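Each chain is listed here by its residues.
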Amino acid sequence: MLSAPHGGLEKPTFIPDRPKGNIIRDRGVRKVSLALADELEWLTGHRPFVVTTRLHRVKLDANRAMEEAAQGNETAEKVWRQYHAALESCTTQAKILGKGRALILDIHGHGHPEDWIELGFGVDVVELAKSN
C-alpha cells in the first residue's frame, strides 16, 4: 500500500488556510506515488492500494492528529476522517491479501535544498536490534 498525505495541489477558498504548523507541500509525492503504483502493477500484475489527498497541506496536514491537521475546520476534519478511513480499509484489505502481512510505504518529500533520498522506518529500536 502507498500513502502520500502531503502532495495535494488544491486550495479551495471555503477551507481556511491553517495558521500554524508545517504548510509546505511535499512537491511531487502524489505523482510519484501514482507512478510507483503503475510500475509495481506492471512488474507484478497487481496494483497496490494508493491513498492520497488532493488538498494542499496549507488546508490539511493529513498525517497529523485531527486537531493539528484540520485546526477546527469542519470540512478539513471530514476529509481527514475520509483519508484515515481509507488508510484503515486499505490496510485491512492488504493484510487479507497478504495473509496477515502488508507493506505500507508512506511517501514524503522534503523542504531542504540537499538532494537526498531519505528512508524512515516505523519500526522501534527493539525490533531493529533483533538478529532476524
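Everything in this summary refers to the structure shown in the same document. (Residues numbered from 1 in each chain as written. Predicted model: local features only at pLDDT ≥ 70, side-chain atom pairs only at ≥ 80, totals over all residues. Heavy atoms only, no water.)

**Here we look at the overall build of the protein**
Here is step 1 of the chain: A count of helices and strands for the protein gives four helices and three strands.
Here is step 2 of the chain: Scanning the protein from its N terminus toward the C terminus, one meets helices and strands in the order β-α-β-α-α-β-α.
Here is step 3 of the chain: If you line up the protein on its principal axes, its C-alpha atoms span 45 × 30 × 30 Å.
Here is step 4 of the chain: In the protein, which comprises 132 residues, the share counted as buried stands at 30%.
Here is step 5 of the chain: Considering only contacts in the protein between residues 6 or more positions apart, those separated by 24 or more positions represent 70%.
Here is step 6 of the chain: Counting only carbon and sulfur atoms, one obtains 56% of the accessible surface of the protein, whose full area is about 9300 Å². (Helix = DSSP H or I, 4+ residues; strand = E, 2+ residues; numbered from the N terminus. Buried < 20%, exposed > 50% of the residue type's maximum accessible area, 1.4 Å probe, protein only. Contact = heavy atoms within 4.5 Å. Areas by Shrake-Rupley, 256 points an atom, 1.4 Å probe, with all protein chains shown as cover.)

**Looking at helix H1 (residues 29-44)**
Here is step 1 of the chain: Here H1 is 16 residues long and its end C-alpha atoms lie 22 Å apart, about the 22 Å a rise of 1.5 Å per residue gives.
Here is step 2 of the chain: Within the span of H1, buried status applies to Val29, Arg30, Ser33 and Ala37. Taken down its axis, H1 places every buried residue within 105 degrees of arc, on the same side. Away from its buried face by more than 90 degrees, H1 exposes Lys31, Trp42 and Leu43. (Expected span 1.5 Å × (residues − 1). Arc of directions from axis to C-beta.)

**Focus on the sheet that holds strand E3 (residues 105-106)**
Here is step 1 of the chain: If you walk across this open sheet you meet the three strands as E2-E1-E3, and the pairing is parallel. Strands at the two margins of the open sheet, each flanked by one partner only, are strand E2 (50-52) and E3.
Here is step 2 of the chain: In this sheet, E2 lies alongside strand E1 (residues 2-4) in parallel orientation, the contact comprising three bridges. Across the sheet, the residue bridging to Ala4 is Thr52, located in E2. (Pairing = 2+ DSSP bridges.)

**Digging into helix H3 (residues 74-97)**
Because each turn of an α-helix spans 3.6 residues, side chains separated by three or four positions end up pointing in the same direction.
Here is step 1 of the chain: Taking 1.5 Å of rise per residue, the 24 residues of H3 would be expected to cover 34 Å, and the 35 Å separating its terminal C-alpha atoms lies within 8% of that figure.
Here is step 2 of the chain: Burial in H3 covers these residues: Ala76, Val79, Trp80, Tyr83, Leu87, Cys90, Thr91 and Ala94.
Here is step 3 of the chain: Buried residues in H3 make contact with E1, E2 and helix H2 (66-70).
Here is step 4 of the chain: A side-chain oxygen of the first residue of H3 lies 3.0 Å from the backbone nitrogen of Thr75; this N-cap is Asn73.
Here is step 5 of the chain: Positive backbone phi, approximately 55 degrees, marks Lys99, located one or two places after H3. (Polar contact = N/O pair within 3.5 Å; in protein donor to acceptor, adjacent residues only side chain to side chain.)

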